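Tertiary structure, described
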Amino acid sequence: MTYKKARLTRLNEAPTNAAGRYVLYWCQMFRRLSRNHALDYAVAVANELKKPLVVYEGLRLDYPWASRRLHTFVLEGMRENARRAKELGLTYWPFVETPSAPARGLVRLLARDAAVVVTDDFPCFVVPGQSAALAAKVEVPVFAVDGNCVVPLANLGPSVSAAAHLRPRIHKAFVEAWGHRAEVTPRLGRDARVRVDPPFAVWEPPADLPHFVASLPLDPLPAVQDTPGGESAARQRLSDFLARRLRGYAESRSQPASLEEGFASGLSPYLHFGHLSIEEVVERALDVPGPWTPAEIDVKQRGRREGFFCRDANVNAFLDEALTWRDVGFLWHSKRREDTGHLATALPFWALETLKKHAADPRAYVYSREEWEAGETHDELWNAAQKELVATGRLHNYLRMLWGKKVLEFSASPEEAYQTLVHLNNKYALDGRNPNSYTGILWTFGLFDRPWPPERNVLGSIRYMSSGNTAKKFRLGPYLDYVKRLPSIASVRAGGAASKE
Ligand SMILES: Cc1cc2nc3c(=O)[nH]c(=O)nc-3n(C[C@H](O)[C@H](O)[C@H](O)COP(=O)(O)OP(=O)(O)OC[C@H]3O[C@@H](n4cnc5c(N)ncnc54)[C@H](O)[C@@H]3O)c2cc1C
């Protein structure tokens, strides 16, 4: 428990409520019942206090960018959690808000009867604000547990200005963290298993989930057919990636392609909603060349992208994204929480200065948010990327960079471009509303990067990317053909044809 304290933040000073009927785990972002540090902590507290454990997982109607797409993914996960909780003998209270059953005040009501509340320490979106609001209003202790990354964020030091600065810190802290991974199955003591009746009607997963979702007042953006939510679907995607696509990862992951034809894992939605633990992903990837132990680590390669974890180039390349790059965003957010609303508070000085200097430069095209959203620009590749995003909830990583750069180049101002990108990314991408949504977008404006001469129109010394160069660098024909077969942006936005990746 001592090492794991690095994951723990106490959000208020209230004393334990000895009369509390249970220990409450309010599951907000790590939406799974295995390999979950926050759940493990709640279990440990329940065992120690000899109280029942209650897991509460809720879904409101009013989160930003709420849609049928996001709701379906989360509910598929909740349906599975309900099943799994029964197998584990765990008291699980799912709640799904409907117009006749509002969510307002429910967590506070549940907290009132708790001895201690434990929740997820996710450093972005509505989560930090919701947790702080609860902690301020209740008279029981509220703890937030960081289960975001393999190495606890508190052990990674201050935020960095480039991924290269974080890599050696992760490498240094990795082995110790590896020895303190979350439990595969929560270790519930006898008291923790005692059932408690909920003070509200728990959600019963309906036989016809799409019909239920369609009955809710949500944006009609449809679910992504080929990316169902939940732990089993997440594991299926992980197995599929490791068996078929990992082998081309180091060489070819940047080649724009559908998930089926390319080499990326497609795991980000599952990592985002916590249906899959990053520890499980890393464990399974390390075992691909053969059962892995920390003895395989080559400390001479510490801080290098290649050769550190093992000899397999694909495994190292994949872990560099899943650990170094992913952690860069989480660390950055954990130091600033919700302060990502505007470029002025998010970008390094040099990037702000160069954008300011070029703010009045004439633009070859200026598109409105509606034109961007509808994929109606002069740039065929940009429109294709936008169509992929809208239809599949996914956007290939290399194209995602280009996609961001073009919005900066052809918007009325950098701030407008930033707001457009946050909106498009967070509305359509299944993995949106994540620390890496904001840092990914901000990278296109210079965050974690450096000035790239020569100075250009509009972008100044921000790194430039062009669709023409992308077309020279990659074989785009198969990608464009795949996107052509996807349903149109207009039909998907209207809630029409189901999408296929
Ligand atoms: C403009 C822009 C917006 C982005 N928005 C998001 C977002 O909303 N959510 C999100 O998770 N990522 C975002 N990224 C980062 C990256 O594009 C995605 O993580 C990646 O494409 C997800 O696909 P995958 O799971 O197949 O990745 P893989 O290549 O299989 O990588 C495995 C995992 O590593 C992490 N990862 C990979 N590349 C990056 C990266 N460049 N930065 C940070 N983590 C990375 C992700 O967790 C990913 O699931 C954005 C990048 C840009 C340039």
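The text that follows walks through the structure, step by step, so that each part is easy to find. Quick caveat: nothing in here was measured; it's all calculated off a predicted structure. (Residues numbered from 1 in each chain as written. Predicted model: local features only at pLDDT ≥ 70, side-chain atom pairs only at ≥ 80, totals over all residues.)

Digging into the overall build of the chain
Counting its secondary structure elements, the chain contains 21 helices and six strands. Computed over the C-alpha atoms, the radius of gyration of the chain is 23 Å, within 12% of the 23 Å expected from 2.2 N^0.38 for a compact globule of 501 residues. In terms of overall dimensions, the chain has a C-alpha envelope of 65 × 55 × 45 Å along the principal axes. Sequence-distant contacts in the chain: of pairs separated by 6 or more residues, those separated by 24 or more amount to 79%. (Helix = DSSP H or I, 4+ residues; strand = E, 2+ residues; numbered from the N terminus. Rg over C-alpha atoms; globule rule 2.2 N^0.38 Å. Contact = placed C-beta atoms within 7 Å.)

Observations concerning the sheet that holds strand 4 (residues 91-96)
Strand order in the open sheet made by the six strands is 1-6-5-2-3-4, with mixed pairing throughout. The sheet terminates laterally at strand 1 (8-10) and strand 4, the two strands that pair on one side only. Across the sheet, the axes of successive neighbouring strands diverge by a mean angle of 25 degrees, strand direction being ignored. The sheet strands contacting helix 4 (residues 127-137) are strand 5 (114-120) and strand 6 (142-145), and the helix crosses strand 6 at an angle near 160 degrees. (Pairing = 2+ DSSP bridges. Axes fitted to C-alpha atoms, helices over the stretch in contact; angles between N-to-C directions.)

Notes on the site of the ligand
In the vicinity of the ligand lie 28 residues, with Ala264, Ser265, Asn397, Ser437 and Gly440 positioned nearest. Those elements that place two or more of their residues in the shell around the ligand are helix 9 (268-272), helix 11 (313-336), helix 16 (397-409) and helix 18 (435-443). Split into classes, the residues belonging to the shell around the ligand amount to nine nonpolar, 14 polar and five charged. When residues are assigned to domains, the shell around the ligand turns out to be shared by domain 2 (230-272 + 277-336) and domain 3 (343-493), each giving three or more. (Near = placed C-beta within 6 Å. Nonpolar A, V, L, I, M, F, W, Y, C, P; charged D, E, K, R; others polar. Domains from an automatic or database assignment.)

Some words on the packing of helix 5 (residues 163-178) against helix 11
Where helix 5 contacts helix 11, the axes come no closer than 9 Å and their chain directions differ by 105 degrees. By the criterion of interaxial angle, the relationship of helix 5 to helix 11 is roughly perpendicular. In contact with Ala163, Leu166, Arg167 and Ile170 of helix 5, helix 11 contributes Leu323, Thr324, Trp325, Asp327, Val328 and Leu331. Of the residues belonging to the contact of helix 5 with helix 11, the class tally is seven nonpolar, one polar and two charged. (Parallel < 35°, antiparallel > 145°, perpendicular 65-115°, else oblique.)

A look at unusual backbone geometry
Cis geometry is adopted by the peptide bond preceding Pro454, which originates at Pro453 and carries an omega value of 0 degrees. Here Pro454 is to be found in the loop between helix 18 and helix 19 (467-473). With a phi angle near 65 degrees, Phe125 is a residue other than glycine that sits in the positive phi range. When you line up the elements, Phe125 lands in the loop between strand 5 and helix 4.

A few points about helix 5
Think of an α-helix as turning once every 3.6 residues; residues three or four places apart then point the same way. Taking 1.5 Å per residue as the helical rise, helix 5 with its 16 residues ought to reach 22 Å, and the 21 Å between its terminal C-alpha atoms agrees with that figure. Lys172 marks where helix 5 bends most, by close to 35 degrees. Every buried residue of helix 5 is listed here: Leu166, Arg167, Arg169, Ile170, His171 and Phe174. Contacts made by the buried residues of helix 5 are with helix 11. (Expected span 1.5 Å × (residues − 1). Bend = angle between axes of the 7 residues up to and from the residue. Buried ≥ 20, exposed ≤ 12 C-beta atoms within 10 Å, placed from the backbone.)

Concerning the environment of Phe73
Its location among the elements puts Phe73 in helix 2 (residues 68-88). Distance in space between the C-alpha atoms of Phe73 and Phe273 is 8.7 Å, their sequence separation being 200 residues. Residues within four places of Phe73 in sequence aside, it is in contact with Ala223, Gly229, Pro269, Phe273 and Leu430.

Considerations on helix 20 (residues 477-485)
Residues Tyr479, Tyr482 and Val483 constitute the buried set of helix 20. Looking straight down helix 20, one finds that the buried residues subtend no more than 95 degrees of arc, so they occupy a single side. Residues of helix 20 that are exposed and point more than 90 degrees away from the buried face comprise Gly477, Asp481, Lys484 and Arg485. (Arc of directions from axis to C-beta.)

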